[in-house]
Number of protein chains: 2
Amino acid sequence: MRVVRTVSELRDALRRARREDSTIGFVPTMGALHAGHEALMEQARRECDVVVLSIFVNPTQFNDPTDLERYPRTEEADVAAAERAGVDLVFAPFAQEMYPRGATIEVRLAGPLVDTLEGAHRGSDHFHGVTTVVAKLFNIVQPDVAYFGQKDAQQVLVVTALVRELNFPVRIQAVQTVREPDGLAMSSRNVHVQGRDRERALALKAGLDSAQATYDGGERDADAVIAASVAAMASYEVDPEYLAIVDRVTLEPLRTVEPGALVVVAAPVGPVRLIDNATIH
Amino acid sequence: MRVVRTVSELRDALRRARREDSTIGFVPTMGALHAGHEALMEQARRECDVVVLSIFVNPTQFNDPTDLERYPRTEEADVAAAERAGVDLVFAPFAQEMYPRGATIEVRLAGPLVDTLEGAHRGSDHFHGVTTVVAKLFNIVQPDVAYFGQKDAQQVLVVTALVRELNFPVRIQAVQTVREPDGLAMSSRNVHVQGRDRERALALKAGLDSAQATYDGGERDADAVIAASVAAMASYEVDPEYLAIVDRVTLEPLRTVEPGALVVVAAPVGPVRLIDNATIH
């Protein structure tokens, strides 16, 4: 496995793979790899001839400078995890390589996909930052398939729209959320959830489970389902930033809960902000 | 030569070329092909294994609906010209194929490249429309080299910045402006320049020639050179929208004229707006 820092090194390393018509799988990450990322790398390894992992804490998608500053950086461990997962090539550029002249270009989606939920709470610039860096990474790596975690459900939809609207020749593959044994969704930010907050963090999964249970109990009204979920979270002393039941493609709020509806939740827990989601079945 | 209307037909047609590691040359146009486009196609033919021409009057780069409406459409003649020039594949999509859901994504450069000159007079949305459609076309065609006419000097710089800032694996090749025997730069809009306006249209080239002559006479002050050029244009009864002497890379105005400086001019002539440029040598 090789670790490269520059676009030209990466392109050189991939030149032969492209000539041989190999399938290139790409796992873009911000590092601080956990079992969720491992699932992405493993699926890429199973499905593709060449697997590229990128590690880049993208400054343009952080609305909160403190969040950017304390975002965990664990490159040595990440490289070891990539090696174990059978990654062929790690692209770990410095910010200067990605934005040598600052933020002079932006790829911007419009509409509820980027304006609602995470876009409303972090600002739509968050997703503009995501689509811009993903467009750059797609042009740098030129993958056939790119793997994203379903934990960031809205990001999966945003990246899918990016590919469709700009005609990238890339397939987006969402990979199921990996959870701790007690149900907490894996997240790089979990390292900052300590002590009593670790138990409070279970509120998100409890809210999602409650939505399914309320639905299973026969309730179909979205407001009623949401109210029950918020109450379930309150028992963990957590107040959601949002808890919504939305169309799984458009993210528009649903009045009536139905199979396939997406339940999304965000909440502050101690020093961080966590998100999670589930699909009603 | 084949003419295709959809992205999937185009991709199918190019699949073999890509497997064989052929060099793909791309000439994006809005149709109404003239000798300037022929020069682009011929250079692509000389330099590449496969030549793709696109014909698409991109609505998102027109600030003026009247200009869009009367933009000449001559597809039958264009296809014949492409065939004569040895083009392999013509991509002529309908707007519905390029924007099935409307303008839901935008690729936006920031700064003087898109805000000044054409950007100031047509609005910076003009260049946002250009960068968005070119990004889409690059992802659809995946060329190795893309050919653009130097007549649209600012567009060449904008597209070069697009490639650099989004890391497209494409080389931009500018091709020298082709002129009528009397010096008028070839343009699809020239068909609307009739009668006495045809003679007045020579004002642009006269202004550019005057700048070189004034420089050759020893003048180095940009304002003085510009004043002489505006006077030369006035003798054709044409008043420029702008006539500027700028850095050929950043488009920033120069105070002192030097070799390599770019002289750019735009002027209304009869029912249309014409542009032209030259480099001081």
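Residues numbered from 1 in each chain as written. Chains lettered and ligands numbered in written order. Predicted model: local features only at pLDDT ≥ 70, side-chain atom pairs only at ≥ 80, totals over all residues. Heavy atoms only, no water.

**Student:** When you look at the overall build of chain A in this model, what are you seeing that I'm missing?
**Tutor:** A tally of regular secondary structure across chain A gives 12 helices and 10 strands. In summary, chain A has a C-alpha radius of gyration of 19 Å against a globular reference of 19 Å for 281 residues, a match within 12%. If you line up chain A on its principal axes, its C-alpha atoms span 55 × 40 × 35 Å. Scored against the burial criterion, the 281 residues of chain A give a buried share of 54%. For chain A, contacts bridging at least 24 residues in sequence account for 73% of all contacts bridging at least 6. (Helix = DSSP H or I, 4+ residues; strand = E, 2+ residues; numbered from the N terminus. Rg over C-alpha atoms; globule rule 2.2 N^0.38 Å. Buried < 20%, exposed > 50% of the residue type's maximum accessible area, 1.4 Å probe, protein only. Contact = heavy atoms within 4.5 Å.)

**Student:** Looking at this structure, how should I read the UniProt feature "binding site: beta-alanine" (unreviewed entry) in chain A?
**Tutor:** Taking the numbering used here, the UniProt-annotated feature "binding site: beta-alanine" (unreviewed entry) corresponds to A:Gln61. Ignoring sequence-local partners within four residues, the contact set of A:Gln61 consists of A:Met30, A:Arg122, A:His126, A:Gly129, A:Val130, A:Val133 and A:Gln155. (UniProt positions renumbered as here; feature names shortened; annotations may be inferred.)

**Student:** Help me understand the domain arrangement of chain A in this model?
**Tutor:** Where interface size is given, it is often the accessible area lost as the parts come together that is meant. Residues and elements named next belong to chain A. Under the domain assignment used here, chain A contains domain 1 (2-175) and domain 2 (188-279). On a C-alpha basis, the centres of domain 1 and domain 2 stand 26 Å from each other. Taken together, the contacts link 22 residues of domain 1 with 20 residues of domain 2. Summed over both sides, the interface of domain 1 with domain 2 buries roughly 1700 Å², with 55% coming from carbon and sulfur. Put simply, domain 1 and domain 2 have 2 salt bridges between them. For the salt bridge of Glu118 with Arg273, the shortest nitrogen-to-oxygen distance reads 2.8 Å. Our enumeration of links across domain 1 and domain 2 arrives at 9 residue pairs in polar contact (both at pLDDT 80 or more). Elements represented by at least two residues in the side of domain 1 that touches domain 2 include exactly helix H3 (65-70), helix H6 (112-115), helix H7 (118-122) and helix H9 (153-166). Of the residues in the side of domain 1 that touches domain 2, the class split is 9 nonpolar, 7 polar and 6 charged. (Domains from an automatic or database assignment. Buried area = accessible area lost by both parts, 1.4 Å probe. Salt bridge = Lys/Arg side-chain N within 4 Å of Asp/Glu carboxyl O. Polar contact = N/O pair within 3.5 Å; in protein donor to acceptor, adjacent residues only side chain to side chain. Nonpolar A, V, L, I, M, F, W, Y, C, P; charged D, E, K, R; others polar.)

**Student:** Could you clarify how one ought to interpret the pairing of strand E8 (residues 242-246) of chain B in this entry?
**Tutor:** Looking along a regular strand, one sees side chains alternate from face to face of the sheet. With 5 of 5 residues buried, E8(B) lies mostly within the body of the structure. Covered by surrounding structure in E8(B) are B:Tyr242, B:Ala244 and B:Val246 together with B:Leu243 and B:Ile245, the residues of both alternating faces.

**Student:** Please clarify how the interface of chain A and chain B should be interpreted in this entry.
**Tutor:** The partner chain B presents 26 residues to the 26 residues of chain A that form the contact. A combined buried area of about 2400 Å² lies between chain A and chain B, and 50% of that area is made up of carbon and sulfur atoms. Taken together, chain A and chain B are joined by 2 salt bridges. The interface formed by chain A and chain B contains 16 residue pairs in polar contact (both at pLDDT 80 or more). Counting only elements with at least two residues in the side of chain A that touches chain B, the list comes to helix H1 (7-19), strand E5 (105-109), helix H8 (125-141) and H9 of chain A. Counted by class, the side of chain A that touches chain B contains 11 nonpolar, 6 polar and 9 charged residues. Pairing geometry for E5(A) and strand E5 (residues 105-109) of chain B, over 5 bridges, is antiparallel. (Pairing = 2+ DSSP bridges.)

**Student:** Help me out: how do you make sense of the relation of the copies chain A and chain B in this one?
**Tutor:** These two copies of the chain differ by a rotation about an axis and a displacement along the same axis. By a simple turn and slide, chain A fits onto chain B: the slide is 0.0 Å along the axis, the RMSD is 0.0 Å, and the turn is 180°. Those values place the two copies in the arrangement expected of a two-fold rotation axis. Identified as the residue of chain A closest to the rotation axis by C-alpha distance is A:Val107, at 2.2 Å. The fraction of interface residues of chain A whose copies in chain B are also interface residues reaches 100%, indicating that both copies meet through the same surface. (Least-squares fit on C-alpha atoms with pLDDT ≥ 70 in both.)

**Student:** Would you mind going over the packing of aromatic side chains with me for this structure?
**Tutor:** A ring pair, where both rings are aromatic, is described by two values, the distance of the centres and the angle of the planes. One pass over the full model with this rule turns up 8 aromatic pairs over all chains. Pairing B:Phe56 with B:Tyr99 gives two aromatic rings, centres 6.1 Å apart and planes at 40°, and the pair type is tilted. Pair noted here: B:Phe56 is in the loop between strand E3 (50-55) and helix H3 (65-70) and B:Tyr99 is in the loop between helix H5 (95-98) and E5, with a separation of 43 residues, a long-range link. With a relative accessible area of 13%, B:Tyr99 lands in the buried category. An aromatic cluster is present here, built from A:Phe26, A:Phe138 and A:Phe168 joined pairwise through their rings. The ring of A:Tyr215 is capped by A:Arg220, whose NZ or CZ atom sits 3.8 Å from the centre of that ring. (Phe/Tyr/Trp six-rings, centres within 6.5 Å; stacked < 30°, edge-to-face > 60°. Lys NZ or Arg CZ within 6 Å of the ring centre and 35° of its normal.)

**Student:** Would you explain the sheet that holds strand E1 (residues 2-4) of chain B in this entry?
**Tutor:** All names here are of chain B. In space, the 6 strands of this open sheet follow the order E1-E4-E3-E2-E6-E7, with parallel pairing throughout. Because the sheet does not close on itself, it has two edges, and the strands there are E1 and strand E7 (171-175). On average, each strand axis in the sheet is tilted by 25° relative to the strand beside it, whichever way the strands run. Two strands pair when backbone bridges link them, and E3 and strand E4 (residues 89-91) are joined in this way by 3 bridges, in the parallel orientation. (Axes fitted to C-alpha atoms, helices over the stretch in contact; angles between N-to-C directions.)

**Student:** Would you mind going over the nonpolar core with me for this structure?
**Tutor:** When a protein is soluble and globular, its nonpolar side chains tend to lie buried together. Judged by nonpolar contacts, the single largest core of 102 residues is most densely connected at A:Leu10, A:Val52, A:Phe138, B:Leu10, B:Val52 and B:Phe138. With residues near it in sequence (within four places) discarded, B:Val52 still touches B:Leu10, B:Leu14, B:Ile24, B:Gly25, B:Phe26, B:Val27, B:Leu89 and B:Val141. (Core = buried A, V, L, I, M, F, W, Y, C linked by side-chain atoms within 4.5 Å.)

**Student:** Looking at this structure, I do not really get the side chain of B:Asn190. What am I missing?
**Tutor:** All names here are of chain B. Summarising the element assignment, Asn190 is placed in the loop between E7 and helix H10 (196-200). Taking relative accessible area as the criterion, Asn190 reaches 14% and is therefore assigned buried. Beyond its immediate sequence surroundings of up to four residues, Asn190 is in contact with Leu184, Ala185 and Leu274.

**Student:** How do you make sense of the packing of helix H11 (residues 203-216) of chain A against helix H12 (residues 222-234) of chain A when you look at a structure like this?
**Tutor:** Each pair of packed helices can be described by the angle between their axes along with the distance between the axes. Residue and element names in this part refer to chain A. It is at 8 Å that the axes of H11 and H12 come closest, and there the two elements cross at 145°. Our pair here, H11 against H12, has a crossing hand that is right-handed. Judged by residue contacts, Ala203, Leu204, Ala206, Gly207, Ser210, Ala211 and Thr214 of H11 engage Val225, Ala228, Ser229, Ala232 and Met233 from H12. The residue inventory of the contact of H11 with H12, partitioned by class, reads 8 nonpolar, 4 polar and no charged. (Left-handed = near helix turned anticlockwise from the far one by under 90°.)

**Student:** Quick question: what am I supposed to make of the pairing of E3(B) here?
**Tutor:** All names here are of chain B. Burial within E3 is extensive, with 6 of its 6 residues counted as buried. Burial of the side chains of E3 extends over both faces: Val50, Val52 and Ser54 are buried on one face and Val51, Leu53 and Ile55 on the other. Two elements, strand E2 (residues 24-29) and E3, share 6 bridges in a ladder whose sense is parallel. In the sheet register, Val27 faces E3, and the bridge partner there is Leu53. For the handedness criterion, the β-α-β arrangement of E2, helix H2 (residues 35-47) and E3 is classed as right-handed. (Right-handed = clockwise from strand over helix to strand, strands pointing away.)

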